[in-house]
Amino acid sequence: VEGSHQGCVLGGKLFNIGNFSVVGVTMEDHAEVYCPMFSDNIALVGRLSKIFAAAQDLKESLAEIGLILQPAESGIYIPSYNHHDEPPQLLDALKVKYPEFKDTPWLKEGITMLGCPVGTDAYIHDMLTRVCDKIAERAEQYQEVDDGLIHLQLQKFSTNAMLQNFLRTTKPAL
């Protein structure tokens, strides 16, 4: 495959332009399904009866450009069924009709879509508590650093996951 090299600042933008174009055209045929995206994270939101057909078409469209939809790393959350012990029968029927999605789990309590927890109050509270715990854990580690300049650099690095890309865009004189 030709294109930008791994870690290139333009890589993500070029990926998104190609990916979003294909997804946009595909989703035009599924007006009842909302498709929020962030980079390579795709969510399908809508009636259960419509989601599987949209996912199938999306899988086929992405395959044409060499991308693979990962149903096993996805999940199905049905808000009206979060108080039920079993998923709706329609879900089982759709998994039979679309066997490539048979391993997509039913998430009874909630799902995290594009980094945001959606679901029951308990699910959202649990997810946000985990995030806060991670932040607190990292903050404790910063307290062990007594050099102010190193402390500042650690904070900058922790807020910029792609440091190499950040450094490529700075002026050489800096």
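Our structure is the block above this text.
Residues numbered from 1 in each chain as written. Predicted model: local features only at pLDDT ≥ 70, side-chain atom pairs only at ≥ 80, totals over all residues. Heavy atoms only, no water.

## Side note on the packing of helix α1 (residues 9–27) against helix α2 (residues 48–64)
And step 1. Direction vectors running N to C along α1 and α2 enclose 140°, while the axes themselves pass 10 Å from each other. With respect to their mutual orientation, α1 and α2 come out oblique. Pair α1 / α2 crosses with right-handed handedness. Between α1, through Asn19, Val22, Val23, Thr26 and Met27, and α2, the contact on the second element is made entirely by Ala54, Asp57, Leu58, Ser61 and Leu62. (Axes fitted to C-alpha atoms, helices over the stretch in contact; angles between N-to-C directions. Helix = DSSP H or I, 4+ residues; strand = E, 2+ residues; numbered from the N terminus. Parallel < 35°, antiparallel > 145°, perpendicular 65-115°, else oblique. Left-handed = near helix turned anticlockwise from the far one by under 90°. Contact = heavy atoms within 4.5 Å.)

## Examining α2
And step 1. Taking 1.5 Å per residue as the helical rise, α2 with its 17 residues ought to reach 24 Å, and the 25 Å between its terminal C-alpha atoms agrees with that figure.
And step 2. All of the buried residues along α2 are Leu48, Ile51, Phe52, Ala54, Ala55, Gln56, Leu58, Ser61 and Leu62.
And step 3. Summarising the contacts, the buried residues of α2 are in contact with α1, β2 (41–42) and α3 (89–97).
And step 4. Of the residues flanking the end of α2, it is Gly66, one or two places downstream, whose phi is positive at about 85°. (Expected span 1.5 Å × (residues − 1). Buried < 20%, exposed > 50% of the residue type's maximum accessible area, 1.4 Å probe, protein only.)

## Thoughts on the packing of aromatic side chains
Centre-to-centre distance and the angle between the planes together describe a pair of aromatic rings.
And step 1. Following the criterion strictly, the structure yields two aromatic pairs and no others.
And step 2. Seen from their ring centres, Phe52 and Phe101 are 6.0 Å apart, and the 85° between their planes marks the pair as edge-to-face. Of this pair, Phe52 sits in helix α2 while Phe101 sits in the loop between α3 and β3 (110–113), placing them 49 residues apart in sequence. Pair check on accessibility: Phe52 and Phe101 agree, each one buried.
And step 3. Taken together, the ring pairs connect Phe52, Tyr98 and Phe101 into an aromatic cluster. (Phe/Tyr/Trp six-rings, centres within 6.5 Å; stacked < 30°, edge-to-face > 60°.)

## So, a negative patch on the surface
And step 1. A cluster of acidic residues, Asp133, Glu137, Glu140 and Glu144, forms a negative patch on the protein surface.
And step 2. Structurally, Glu144 can be placed in the loop between α4 (121–143) and α5 (148–159).
And step 3. Residue class for Glu144 comes out exposed when judged on its relative accessible area of 68%. (Patch = residues over 30% accessible without salt bridge, like charges linked within 9 Å, V, L, I, M, F, W, Y side chains within 5 Å. Areas by Shrake-Rupley, 256 points an atom, 1.4 Å probe, with all protein chains shown as cover. Salt bridge = Lys/Arg side-chain N within 4 Å of Asp/Glu carboxyl O. Lys, Arg positive; Asp, Glu negative; His and termini not counted. Charge placed at Lys NZ, Arg CZ, Asp CG, Glu CD.)

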